[in-house]
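One letter stands for each residue in the lines below.
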Amino acid sequence: IVAGAAVEAVAQAKARQVRYDLMASWCRAHGADVILTGHTKNDQAETVMMRTRRTRSAESLASIHPCMTWQGVPVVRPLLSLKRNMLRDILHHVSQPWIDDPSNDNTMFERVRVRHQLRDEDVDTYAAIADQSLQVANRHDELAFSFLKRSAGAYPHGYFTVDREGLLQLDLGTQDSVLRRLFAGLGRGPAERSERLRLLTWLCT
């Protein structure tokens, strides 16, 4: 089951990447300055509920961020504080139709199964976990930036040097944030957390 969930997560991540690539490309071609998504508090809660089954990492449990950038285009999610039924009520009130993705009813997907399990009273609880985790993750990023500023060197040949002993004195979340920033700086892209943890294990030996 775990292996199946992991395969599903990778497939959905790739599909999500394609969707955002297309939206960012459209924005650049049409002079649009920002992408607004309709993610709600329920989407946030579902994501946290799924991730708590696999990790306690603040960076993972921070879940759906209110703001991010994709290929240079800002992505903003202004509805994360609004529950799905409230959004639908508003749309009904202003006579605004919407399209339901049929895959949202397909129980072969973990998110759909979680959606059926998630009680309305639990939505606020899981969304609060995301908010708290985002604060922790932001703190890790701040500490990582400070560490790299004083302890890392960048070279035009395409590599970095870091203070290994200083890195190992940081907490795990900040260490992970340091590696994420280094991978991004090298143009490596967002390496999987498992890859970063293997590198940290090697550095500690």
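Check the entry above for the structure.
Basis of the calculations
Residues numbered from 1 in each chain as written. Predicted model: local features only at pLDDT ≥ 70, side-chain atom pairs only at ≥ 80, totals over all residues. Heavy atoms only, no water. Salt bridge = Lys/Arg side-chain N within 4 Å of Asp/Glu carboxyl O. Helix = DSSP H or I, 4+ residues; strand = E, 2+ residues; numbered from the N terminus. Buried < 20%, exposed > 50% of the residue type's maximum accessible area, 1.4 Å probe, protein only. Polar contact = N/O pair within 3.5 Å; in protein donor to acceptor, adjacent residues only side chain to side chain. Phe/Tyr/Trp six-rings, centres within 6.5 Å; stacked < 30°, edge-to-face > 60°.

Visitor: In this structure, what is going on with the pattern of salt bridges? I would like to understand it.
Guide: By the definition in use, this model includes 16 salt bridges. Across the salt bridge formed by D100 and R88, the nearest N and O atoms sit 3.6 Å from each other. Linking D100 in the loop between α4 (84–93) and α5 (110–117) with R88 in helix α4, this pair joins segments that are 12 residues apart in sequence. Close ionic contact of D176 with R196 constitutes a salt bridge, the shortest N to O distance being 2.4 Å. Linking D176 in helix α8 (residues 172–185) with R196 in helix α9 (residues 193–204), this pair joins segments that are 20 residues apart in sequence. Through salt bridges with shared partners, one network takes in D43, E46, R84, R111 and R115.

Visitor: Got a minute to help me understand the side chain of T174 in this structure?
Guide: Counting through the fold element by element, T174 comes out in helix α8. Note on T174: relative accessible area 1%, which makes it buried. Side-chain polar atoms of T174 contact the side chain of D171, separated by 2.8 Å.

Visitor: When you look at the packing of aromatic side chains in this model, what are you seeing that I'm missing?
Guide: What describes a pair of aromatic rings is the distance from one ring centre to the other and the angle between the planes of the rings. This structure, assessed with the given rule, holds 1 aromatic pair. Between the aromatic rings of Y20 and W70, the centroid separation amounts to 5.2 Å while the plane-to-plane angle is 35°, which identifies the pairing as tilted. In this pair, Y20 sits in helix α1 (residues 2–30) while W70 sits in strand β2 (residues 67–70), placing the two residues 50 residues apart along the sequence. Relative accessible area serves as the criterion here: at 6%, Y20 is assigned to the buried category. Overall, the relative accessible area of 22% leaves W70 in the partly exposed class.

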